[in-house]
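What the coordinates show
The residues making up each chain are set out below.
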Amino acid sequence: MMISRRGTLRLAAFGTAAALVPKPSFATNRVRIGVLKFGTVSWALDALEHHRFDTANGIDLEVLDFAGEDATNVAMLAGAIDMIVSDWLWVSRQRSEGVDLTLVPYSTAVGAIMVKEAAPIRTIADLRGKKLGVAGGPLDKSWLLIQALARRDHGLDLPATSDIVFGAPPLISEKAMQGELDAVLNFWHFCARLEANGFRRLIGADAAAKALGAAGAVSALGYVFHDKWANENPDAISGFIKASAQSKDLLARSDDEWLRLAPDIRAQGEELAKLRDRYREGIPRRPVADDAADAGKLYRVLAEIGGEKLVGRAPEMAPGTFWQVPPQ
């Protein structure tokens, strides 16, 4: 059965989500959200629950901890939970295959290529012949965007000209700290920790996205849910979006809130400050329509370089990938 944050939901990536039995609830505006147990989304949800923004906005929020991204995706598709956090590429692919998923922007924070402060590497072109660690796998959006920019501006095929090593984010960061890699492309929060420990950003995926046609910061992740669920539970989705905005606003302005969260974030001092600042930079501030338009541009770039393995057979981002709040 499902358990809340007081316990940990240990769900296998395949085959078990459909067997889950929802926890009984008498609240009409219940929202069950599945998150990675130690993911950054938990920080905002902790603030949301701690300050009772959920109650203030008329929702009964149930946070369910999962062991991995595959598990949250399976549970979402099985209808065992109402919401997860994922990226618009996955949502678009699901929509193109007939699944009514959609998303509300959550964060524009993305990864970056990091090098040691004293490293002679100053541009993407300097990565030629270097050993580059990449988190997220060969189809990671940030990796594909940086590849596309390297090809366009420098005629450089990074996978062919550099020694690419794929690995889990913590391992990639550890190898960078140990000097076993010349540069690393990691997720945003691992990059922030590296910044606090003698590394600098060579180029971020956000800069690559803008160079490739985006007019502003594009949300990398969003709160994902089914159209059908949102249509049937308008007060629940509206209440959650308002509560989430209040939580982000608190994290954007209150340093004390970050100090309260520090034990869960497992950071202090300069490292906590870097995580705080990079998180704040990643709070979406544009109209959803602008986000969707830029994501559509980047989709075409990603589809060209990532091919069918990344996007399936859909040449364009599926309409409705970004959820538009209905007029009141």
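Data block above holds the structure.
Residues numbered from 1 in each chain as written. Predicted model: local features only at pLDDT ≥ 70, side-chain atom pairs only at ≥ 80, totals over all residues. Heavy atoms only, no water.

**Topic: the side chain of serine 219**
Counted only if it meets this: Runs of E in the DSSP output that reach at least two residues are strands. Runs of H or I that reach at least four are helices, and both are numbered from the N terminus. Think of a polar contact as two N or O atoms within 3.5 Å of one another; within protein, one of them needs to be a possible hydrogen donor and the other a possible acceptor, and neighboring residues in sequence only count if both atoms come from side chains. Should any heavy atoms of two residues lie within 4.5 Å, those residues are considered in contact.
Topologically, serine 219 is positioned in the loop between helix 9 (205-211) and strand 10 (221-226). A polar atom in the side chain of serine 219 sits 2.6 Å from the side chain of aspartate 291. Apart from residues no more than four positions distant in its own chain, serine 219 is found in contact with Trp88, Pro105, Tyr106, Ser107, Thr108, Pro284 and Asp291.

**So, the pattern of salt bridges**
Applied cut-off: Salt bridges are defined as contacts in which a side-chain nitrogen from Lys or Arg sits within 4 Å of a carboxyl oxygen from Asp or Glu. Only protein chains enter the accessibility calculation, which uses a 1.4 Å probe; a residue is then buried when its area is under 20% of its type maximum, exposed when over 50%, and partly exposed in between.
This model, assessed by the stated rule, comprises 22 salt bridges. Measuring nitrogen to oxygen at the nearest pair gives 2.8 Å for the salt bridge that ties glutamate 281 to arginine 278. Highlighted residues: glutamate 281 and arginine 278, both in helix 13 (residues 269-281), separated by three residues, approximately one helical turn. Take glutamate 281: its relative accessible area is 51%, and that puts it in the exposed class. Among the ionic pairs, arginine 286 bridges to aspartate 291, the shortest N-O distance being 3.3 Å. On the accessibility criterion, arginine 286 (26% relative accessible area) is partly exposed. Take aspartate 291: its relative accessible area is 3%, and that puts it in the buried class.

**Topic: empty space enclosed by the protein**
Selection criterion: Grid points spaced at 1 Å and placed over the protein atoms alone form the basis of the search, with a cavity being a set where a 1.4 Å probe fits but cannot get out and a pocket an open set showing protein on both sides within 12 Å along at least five of seven lines. Lining residues have an atom within 4 Å of a point. Grid points are joined across faces, edges and corners, and a volume is the space filled by probe spheres set on the points. Residues are grouped as follows: Ala, Val, Leu, Ile, Met, Phe, Trp, Tyr, Cys and Pro are nonpolar; Asp, Glu, Lys and Arg are charged; every other residue, Gly included, is polar.
The tally for this structure, following the rule as stated, stands at one cavity of 30 Å³ or more. Its boundaries defined by the atoms lining it, the largest cavity holds a volume of some 30 Å³. Lining the largest cavity are Tyr106, Ser107, Ala109, Trp188, Tyr279, Gly282 and Ile283. A class-by-class count of the residues in the lining of the largest cavity yields five nonpolar, two polar and no charged.

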